[in-house]
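Observations on the model geometry
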Amino acid sequence: VMTGDPDYDDVFTSLRHRSRRRSDFLENKVFEADRLFLGLSLPQYLEHKLSDDKTHWSYIHRLCELYCDTGQNVCLSLHPKMDPEKYSYLEQKYNLVIVRAPLRNWIGALDIFSASCGSSTLSWSSRIGIPTIAFDWLQWRLGYSDIYTSAELVETPDEYEKVLTR
């Protein structure tokens, strides 16, 4: 598929090669074939100076806890501004995988995707039909769900947990 945008071309290619991408993940001993593949693009609140250190890490840990409590396979994506070394300890702590490859190359393997409401990656999952959760814990109210009706907007960790567990 040629979309006219190199990122979207990669996103559609990752969907077309969904089985192969999922097999790549299953080679990692953390993942199990009978579980869903959940993708989470971590918010870069600290890197973009949108919150203080304590708030940022509190949100990061709460997101990881909520996702991992589902018992499914969890993949994290880091924004290019994020230093992978600062986040690598999350893999052991939560039994998840930080995928070092660009998200656009593996998003098609996911069953559910989530990112902060300001993330451009939300349009990727929405456009290829992956159930999408946009979280707005900083209360930006950007109206994401008005633009992409396939995404569910949640504003609190409690709402997020309810959406993830239904």
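Just above, that's the structure.
A brief look at the structure comes next. (Residues numbered from 1 in each chain as written. Predicted model: local features only at pLDDT ≥ 70, side-chain atom pairs only at ≥ 80, totals over all residues. Heavy atoms only, no water.)

1. Regarding the nonpolar core
A general trend in soluble globular proteins is that nonpolar side chains are found buried together. Within the largest apolar cluster, 29 residues are counted, with the highest numbers of intra-cluster contacts made by L42, L76, Y87, L90, L96 and Y160. Only strand 1 (37-41), helix 3 (53-68), strand 2 (73-77), helix 5 (89-94), strand 5 (132-135) and helix 8 (157-164) provide two or more residues apiece to this core. Broken down by element, the residue count for this core peaks at 8 residues, all from helix 3. With sequence-adjacent residues up to four places away left out, L76 is seen in contact with L40, L42, C64, L90, L96, V97, I98, V99 and W106. Within the second largest apolar cluster, 21 residues are counted, among which are L103, F113, L122 and I130. (Core = buried A, V, L, I, M, F, W, Y, C linked by side-chain atoms within 4.5 Å. Buried < 20%, exposed > 50% of the residue type's maximum accessible area, 1.4 Å probe, protein only. Helix = DSSP H or I, 4+ residues; strand = E, 2+ residues; numbered from the N terminus. Contact = heavy atoms within 4.5 Å.)

2. A few points about helix 3
Across its 16 residues, helix 3 extends 22 Å between first and last C-alpha, which sits within 8% of the 22 Å expected from 1.5 Å per residue. Along helix 3, the residues classified as buried are H56, W57, Y59, I60, H61, L63, C64, L66, Y67 and C68. Two or three places before K54, at the start of helix 3, stands the capping residue D52, its side-chain oxygen 3.2 Å from that residue's backbone nitrogen. (Expected span 1.5 Å × (residues − 1). Polar contact = N/O pair within 3.5 Å; in protein donor to acceptor, adjacent residues only side chain to side chain.)

3. What about the sheet that holds strand 2?
Consider a sheet: its strands pair through backbone hydrogen bonds, and that pairing is either parallel or antiparallel. If you trace the 6 strands from one edge of the open sheet to the other, you get 3-2-1-4-5-6, paired in parallel fashion. Both outer strands of the open sheet, strand 3 (97-98) and strand 6 (151-154), are each paired with one neighbouring strand and no more. Looking at chain direction, strand 5 and strand 6 are connected through 4 bridges and run parallel. Looking across to strand 6, one finds that I133 is bridged to E152. (Pairing = 2+ DSSP bridges.)

4. Some thoughts on the packing of aromatic side chains
Aromatic ring pairs are defined here through the distance separating the ring centres and the angle between the ring planes. One pass over the full model with this rule turns up 8 aromatic pairs. Seen from their ring centres, F25 and F37 are 5.9 Å apart, and the 50° between their planes marks the pair as tilted. With F25 in helix 2 (residues 18-26) and F37 in strand 1, this residue pair connects regions lying 12 residues apart in the sequence. Like F25, the residue F37 is buried in the burial classification. Consider the rings of F135 and Y160, whose centres lie 5.6 Å apart with planes at 90°: the pair is edge-to-face. Of this pair, F135 sits in strand 5 while Y160 sits in helix 8, and the two are 25 residues apart along the sequence. Here the two residues F135 and Y160 agree in accessibility, since each one is buried. (Phe/Tyr/Trp six-rings, centres within 6.5 Å; stacked < 30°, edge-to-face > 60°.)

5. Some thoughts on the pattern of salt bridges
This structure, assessed with the given rule, holds 8 salt bridges. Close ionic contact of D111 with R18 constitutes a salt bridge, the shortest N to O distance being 2.8 Å. Placement of D111 in the loop between strand 3 and strand 4 (112-116) and of R18 in helix 2 is noted, with a sequence separation of 93 residues between them. Assessed through its relative accessible area of 17%, D111 is described here as buried. Taking relative accessible area as the criterion, R18 reaches 26% and is therefore assigned partly exposed. Notably, a salt bridge pairs R62 with E65, separated by 3.6 Å at the nearest N-O pair. Remark: E65 and R62 occur in helix 3; sequence separation between them is 3 residues, near one turn of the helix. Residue classification places E65 among the partly exposed positions, given a relative accessible area of 32%. (Salt bridge = Lys/Arg side-chain N within 4 Å of Asp/Glu carboxyl O.)

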